[in-house]
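Chain by chain, the residues:
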Amino acid sequence: LGSVLRKEGYHTSFFHGAPNGSMGFQAFMNLAGFEYYYGKTEYNNDADYDGIWGIWDDKFFNFYADKLNEFPKPFMSSIFSVSSHHPFELPDRYKDNFKGGKEPILKCIEYTDYSLKLFFEKVKKTDWYDNTLFVITADHISSNVLFDETYTAWGSYAVPLFFFSPDNSLKGIKEGIAQQIDIMPSVLDYLNYDKPYLAFGRSVFSKEKSFAFNYNNAYQFFEDDYLLIFDGTKTTALYNFKEDKMLKQNLIEKEVDRVSEMERKIKAIIQQYNNRLILNDMVIQ
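What counts and how
- Residues numbered from 1 in each chain as written.
- Predicted model: local features only at pLDDT ≥ 70, side-chain atom pairs only at ≥ 80, totals over all residues.
- Heavy atoms only, no water.
- Salt bridge = Lys/Arg side-chain N within 4 Å of Asp/Glu carboxyl O.
- Helix = DSSP H or I, 4+ residues; strand = E, 2+ residues; numbered from the N terminus.
- Buried < 20%, exposed > 50% of the residue type's maximum accessible area, 1.4 Å probe, protein only.
- Axes fitted to C-alpha atoms, helices over the stretch in contact; angles between N-to-C directions.
- Parallel < 35°, antiparallel > 145°, perpendicular 65-115°, else oblique.
- Left-handed = near helix turned anticlockwise from the far one by under 90°.
- Contact = heavy atoms within 4.5 Å.
- Nonpolar A, V, L, I, M, F, W, Y, C, P; charged D, E, K, R; others polar.
- Pairing = 2+ DSSP bridges.
- Polar contact = N/O pair within 3.5 Å; in protein donor to acceptor, adjacent residues only side chain to side chain.

In this section: the pattern of salt bridges. Counted under the stated rule, the structure contains 17 salt bridges. A salt bridge links Lys195 to Glu8; the shortest N-O distance between them is 2.8 Å. Here Lys195, found in the loop between helix H6 (183-190) and strand E6 (211-215), pairs with Glu8, found in the loop between helix H1 (2-7) and strand E1 (11-16); they are 187 residues apart in sequence, far enough to count as distant. Given the relative accessible area of 42%, Lys195 is considered partly exposed. Overall, Glu8 belongs to the partly exposed group, its relative accessible area being 34%. In this structure, the salt-bridge partner of Arg93 is Asp58, at a minimum N-O distance of 2.8 Å. Highlighted residues: Arg93 in the loop between strand E3 (75-80) and helix H5 (105-123) and Asp58 in helix H4 (residues 57-70), separated in sequence by 35 residues. The class for Asp58 is buried, based on a relative accessible area of 10%.

Written out as structure tokens, the structure is:
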């Protein structure tokens, strides 16, 4: 998105309240075409540093809101929050503000949610708010597991992905299977971008059948209510992960046609990826 939208005249930026260079984000964002990077250095107030991950979420989200308001329009920006990570600490001023629960992460989630609330309360007063598409997701599940299904082949990848537009332009869009690589084609579709680009995901706003895939010691392909496990040579399992959350019932012999169809699709994805990697053909110039 950084390189594609930058060519279309968008101001592009990435925010991460950690020490600059942490997790390799600064180098990666440069390669991905983002023009501006804002980290702990640019924030320039170590009094708001949590001592481990970066600037506390409420403080950095406020900084983010202020910076967005300074940028020329149109702009595309992304922020990576830090406070909902282990060891799940809160700023002293918020220690007693949230109910929490039996797991330590819960108070941190409430705090980050509250930080997002403050961010939205601030930016909804701007002239660009109603004309903005907001996308919220997670990079991975938490290490502080709350539910048994999180340990399953599907549960270990189950993170939320939200698309929100204040102008109600997304009204009628149904929820379904999606993945992080759907973000770029979805954003470009929403913007009516009509130039060629390469994506392994799909626009969640299209009428194409939804699907997702990942790798967890084997290839995993999700479609409808089903999860197919493919070891690179053959399918080893098929589950209805919506009804059978703990993946106890292997349907490989009962759903032969579905296995054949889903296996063909995951093979095609693997083939496309490998061929493009070998030919250095991952980006349309």
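Here we take up the packing of H4 against H5. When two helices pack together, their arrangement is given by the angle between their axes and by how far apart the axes lie. Between H4 and H5, the shortest axis-to-axis distance is 9 Å and the interhelical angle comes to 20 degrees. Classified by the angle between their axes, H4 and H5 sit roughly parallel to one another. Handedness of the crossing formed by H4 with H5: right-handed. On the side of H4, the interface is formed by Asp57, Asp58, Phe61, Asn62, Tyr64, Ala65, Asp66 and Leu68, while H5 contributes Tyr111, Thr112, Ser115, Leu116, Phe119, Lys122 and Val123. Considering only residue class, the contact of H4 with H5 consists of eight nonpolar, three polar and four charged.

A few words now on the pairing of strand E7 (residues 219-223). Among the five residues that make up E7, four are buried, leaving the element largely enclosed by the rest of the structure. Sheet analysis places E6 next to E7, joined by five bridges and oriented antiparallel. By the bridge assignment, Phe213 is partnered in E7 with Phe221. What sits between E6 and E7 in their antiparallel hairpin is a turn of three residues, with Asn217 showing a positive phi close to 65 degrees. Here E7 pairs with strand E8 (residues 226-230) via five bridges, running antiparallel. Note on E8: the bridge partner recorded for Phe221 is Leu228. The turn linking E7 back onto E8 is made up of two residues, and Asp224 within it adopts a positive phi angle of 55 degrees.

So, about the side chain of Ser165. For Ser165, the position within the fold is in the loop between strand E5 (161-164) and H6. Given a relative accessible area of 5%, Ser165 falls into the buried group. At 3.0 Å, the side chain of Ser165 forms a polar contact with the side chain of Tyr190. Setting aside residues up to four positions removed in sequence, Ser165 forms contacts with Thr132, Leu133, Leu170 and Tyr190.

The parallel open sheet is built from three strands, whose spatial order is E2-E1-E3. Two strands close off the open sheet at either side, each with one partner strand: strand E2 (36-38) and E3. This sheet shows a mean twist of 15 degrees between the axes of neighbouring strands, independent of strand direction. Direction of pairing for E1 relative to E2: parallel, over a ladder of three bridges. Its bridge partner being in E2, Phe14 is matched across the sheet by Tyr37.

Residue Pro74 is bonded to the preceding Lys73 through a cis peptide linkage, with omega at 5 degrees. For Pro74, the location among the structural elements is in the loop between H4 and E3. Here His86 and Pro87 are connected by a cis peptide whose omega angle stands at 15 degrees. Relative to the assigned elements, Pro87 resides in the loop between E3 and H5. Of note, the phi angle at Met23 is positive, near 65 degrees, even though the residue is not glycine. The topology assignment puts Met23 in the loop between E1 and helix H2 (25-31). The phi dihedral of Asp224 falls on the positive side, at around 55 degrees, and the residue is not glycine.

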